[in-house]
Structure formats: C-alpha cells, structure tokens
Amino acid sequence: MKTVLHQLGRYKRDTLLCIGLTSFEVIMEILLPFITSIIIDQGLEASNLPVVYRYGILMVVMAFLSLVFGALAGKFAASASAGFAANLRESIYSNIQTFSFSNIDKFSVPGLVTRMTTDITNVQNAFMMLIRIAVRSPLMLIFSYAMCLIISPSLSLTFLIAVVFLAVVLGVIMVVTMKIFNQVFSKYDDLNASVQENVSAIRVVKAFVREDYECGKFSKASKTLYKMFVKAEGLLSLNNPAMMIAVYFCIIMVSWLGAHYIVAGDMTTGDLTSLFSYVMSLLMSLMMLSMVIVMISMSMASIRRISEVLQETPDLKEP
C-alpha cells in the first residue's frame, strides 16, 4: 500500500483540498433540515412571514454553498485520482524498462498489460471514491445520527436497529464478494493472454488453420470471467432490497411513534419533518459506505499486483 500511495506525488494537495471541501459540503447539507424545522415551527405555524423569509434566504445561501463545495470537491477528486493513475502507469512502465527476460517471464506480458490497464483503473476509481464518498459517508452518518439524538433520543433507537441490520447484511455480502473479486483479476490475465498470443502470432494461426481453436480458447476465458462477475454482481444487488427494508422500517416507525409524540406535545411538526430527512441521509450514507468498502476490497487485489511490479528488481543489473 505504501509503495502505491508513494506515487501520489504532487497530487497530495488536490487530495487534501477534496477532503476539506467535502467536509464543508456535508456540514451545509446537515444543517438544511434543521433550518427547515425552524421555518415550519417558528414561521409557518406561527404565521410569522419575516422568519420564513429570513431563514428561507439562509437556506438558499447554504444550498448554494453546498453546491459550490461539492463541485470543487469533484473537480479536485478527478484531478487527484487521474494524476495518481498517470503516475502509477509511468512508474510501472519505467520499471518494466529495466526488467530482464526472466523478470518479464515471471509476470508474463498479458499480466503486465493487465496491471497497467485494468488494475490501475480499479485503483483510480477506488481512490476517487476514497477521497470523496469515504469522507462524505462517515461524516454524514455521524452528523445525521447526532442531529437525530438532539431532536428525539427515543426515536433514534429506531435508526440504530436499522443501522445494525444493514451493517450485518452488507458485511456478509462484502466478505463473500471480496473472495470472488480476488479471483476475477487473475482471470483477466488469461483473457489478455488469449488476445495477445492470437494477435502476435496471427500468421501462424492462419497457416495452421487454428482460428476455431483460438476462438474457443478466448470464448472459454470470457465465459469464466462472465460467470464470476454475474455471481459477484448478483450478491451485490442484494444491497438495494436490504436498504429498502431498513428505509421503510424507519419511515413506518418514525411516522407511528412521531404521531403519538406530536399529539402528546413532546415533538413539533418541524422536528418530525427534519427527522425524516435525517433518516434518509443516515441510511443512504451507510449504503454509500458499503459501496466504497466493496470498491476498495476489489482494488486491494489490484494494489497487490501493482506493488509486485513496482517492487520487482531486475535480475540483470546494468554496470
């Protein structure tokens, strides 16, 4: 991991700016439902239009700031991840130039091609999610739950049940899919090997009329990759049903218990409205966090393969 992250180089600044701007974006978004509850309770229900105008303008300003922070964070995230990937490709290519034939045979040409293309693309995507969503989701999760505790500590226990349920389901899914994705990247080498051998030796293939054999060889490697991806993606698709179960459970419980609290005078309409917003933010952040963990799990295999090339020393050293 250290070997790979060392290639970040001058893009450390963009990475830190992305993390900082994402944090400000989350703070703006978290405060919006709280302002909404003030408008409902102190403005609309009290027929106080000055309060509605004042806090309405504040909401517009905060929403605009959130938009600006989010756009800038996305820009710096793209710059940092693309630059990181470019540095990795350059470092791998430069190191390959020093390899002897025995070093190349150790990795194989298709294996080196896979590392410079598919593996680096996976690391680039994972790095972008790491500095954007992996920063945004935990902050959103913590702040949303903190606001729920401030509004209604008793109703917050409902969200805790949903969070534990989602964490268990997503944890099981991720453990299984990680094993599958670790096998997938080794199969990419077989696919690239089939293409590389067929293209480089096309004259020999045609001379011995081996087109059907080569097509069958490629088809076998492609079908193996297809089946593994279908299995992994099929398991990942269970995320959405689990998410919907948690969301509707929270909505029903908040609606039922919140109605009783409002009738009893323990909660205002504005508080209940903001609670619904925080419920969705809390559960969606957990869902996004699970996606990040899956993506990072996928990229760990790629990081190991890239590190092997970067740490490889040539068997024959130039004097």
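Residues numbered from 1 in each chain as written. Predicted model: local features only at pLDDT ≥ 70, side-chain atom pairs only at ≥ 80, totals over all residues. Heavy atoms only, no water.

## A look at the overall build of the chain
Here comes step 1: Helices and strands together make up the secondary structure of the chain, namely 11 helices and zero strands.
Here comes step 2: Moving toward the C terminus, one meets the helices and strands of the chain in the order α-α-α-α-α-α-α-α-α-α-α.
Here comes step 3: The C-alpha atoms of the chain give 26 Å as radius of gyration, which overshoots the globular expectation for 319 residues (20 Å, by more than 25%).
Here comes step 4: Buried positions account for 41% of the 319 residues belonging to the chain.
Here comes step 5: The long-range share in the chain, meaning contacts at least 24 apart out of those at least 6 apart in sequence, stands at 87%.
Here comes step 6: Surface summary for the chain: the accessible area is close to 17,100 Å², and the carbon and sulfur share equals 69%.
Here comes step 7: Taking the 24 positively charged and 21 negatively charged side chains of the chain as two groups, their mean positions are separated by 5 Å. (Helix = DSSP H or I, 4+ residues; strand = E, 2+ residues; numbered from the N terminus. Rg over C-alpha atoms; globule rule 2.2 N^0.38 Å. Buried < 20%, exposed > 50% of the residue type's maximum accessible area, 1.4 Å probe, protein only. Contact = heavy atoms within 4.5 Å. Areas by Shrake-Rupley, 256 points an atom, 1.4 Å probe, with all protein chains shown as cover. Lys, Arg positive; Asp, Glu negative; His and termini not counted. Charge placed at Lys NZ, Arg CZ, Asp CG, Glu CD.)

## Examining the packing of helix α6 (residues 133-151) against helix α11 (residues 269-311)
Here comes step 1: In contact at an axis separation of 8 Å, α6 and α11 are set at 150° when each is read in the N-to-C sense. Judged on the interaxial angle alone, α11 and α6 are roughly antiparallel. Crossing hand, α6 versus α11: left-handed. Taking contact as the criterion, the partners of I133, A134, R136, S137, P138, M140, L141, S144, Y145, M147, C148 and I151 in α6 are, on α11, D271, S274, L275, Y278, S281, L282, S285, L286, M288, L289 and V292.
Here comes step 2: In terms of residue class, the contact of α6 with α11 is made up of 16 nonpolar, five polar and two charged. (Axes fitted to C-alpha atoms, helices over the stretch in contact; angles between N-to-C directions. Parallel < 35°, antiparallel > 145°, perpendicular 65-115°, else oblique. Left-handed = near helix turned anticlockwise from the far one by under 90°. Nonpolar A, V, L, I, M, F, W, Y, C, P; charged D, E, K, R; others polar.)

## Let's talk about the environment of K206
Here comes step 1: With respect to the element layout, K206 can be found in helix α8 (residues 202-207).
Here comes step 2: Residue K206 is classed as exposed on the basis of its relative accessible area of 52%.

## Some points on the packing of aromatic side chains
The geometry of two aromatic rings is summed up by the distance between their centres and the angle between their planes.
Here comes step 1: By the definition in use, this model includes two aromatic pairs.
Here comes step 2: When the ring of F24 is compared with that of F69, the centres are 5.6 Å apart and the planes differ by 35°; the resulting orientation is tilted. Of this pair, F24 sits in helix α2 (residues 12-44) while F69 sits in helix α3 (residues 49-96), and the two are 45 residues apart along the sequence.
Here comes step 3: For F24, a relative accessible area of 47% corresponds to the partly exposed category.
Here comes step 4: Geometry around F76 places K75 over its ring, the cationic atom sitting 4.8 Å from the centre.
Here comes step 5: The lysine or arginine in question, R210, covers the ring of Y213, its NZ or CZ lying 4.4 Å from the ring centre. (Phe/Tyr/Trp six-rings, centres within 6.5 Å; stacked < 30°, edge-to-face > 60°. Lys NZ or Arg CZ within 6 Å of the ring centre and 35° of its normal.)

## Overview of the environment of V61
Here comes step 1: The residue V61 is located in helix α3 in this model.
Here comes step 2: A relative accessible area of 42% places V61 in the partly exposed class.
Here comes step 3: Between the alpha carbons of V61 and V205 there is a distance of 67 Å; along the sequence they are 144 residues apart.

## Section: unusual backbone geometry
Here comes step 1: Even without a glycine there, the phi angle at V209 is positive, about 50°.
Here comes step 2: With respect to the helices and strands, the residue V209 is situated in the loop between α8 and α9 (211-236).

## Brief notes about the nonpolar core
Buried together is how nonpolar side chains tend to be arranged in soluble globular proteins.
Here comes step 1: L88, I92 and I306 are the most contacted members of the largest nonpolar core, which has 33 residues in total.
Here comes step 2: Where this core is concerned, the elements lending two or more residues are α2, α3, α5 (109-131) and α11.
Here comes step 3: It is α3 that provides the largest number of residues to this core, a total of 12 residues.
Here comes step 4: Those residues within four positions of I92 in sequence are excluded, and the remaining contacts are R115, M116, I120, I306, V309 and L310. (Core = buried A, V, L, I, M, F, W, Y, C linked by side-chain atoms within 4.5 Å.)

## Some details on the packing of helix α10 (residues 239-264) against α11
Here comes step 1: At a closest axis distance of 10 Å, the pairing of α10 and α11 adopts a crossing angle of 165°. As summarised for this structure, α10 and α11 are arranged roughly antiparallel, according to the angle between their axes. In the packing of α10 onto α11, the handedness of the crossing is right-handed. Across the interface between the two elements, N239, N240, M243, A246, V247, C250, I251, V254, S255, G258 and I262 of α10 pack against T269, L272, F276, V279, M280, L283, M284, M287 and S290 of α11.
Here comes step 2: Grouping the constituent residues of the contact of α10 with α11 by class yields 14 nonpolar, six polar and no charged.

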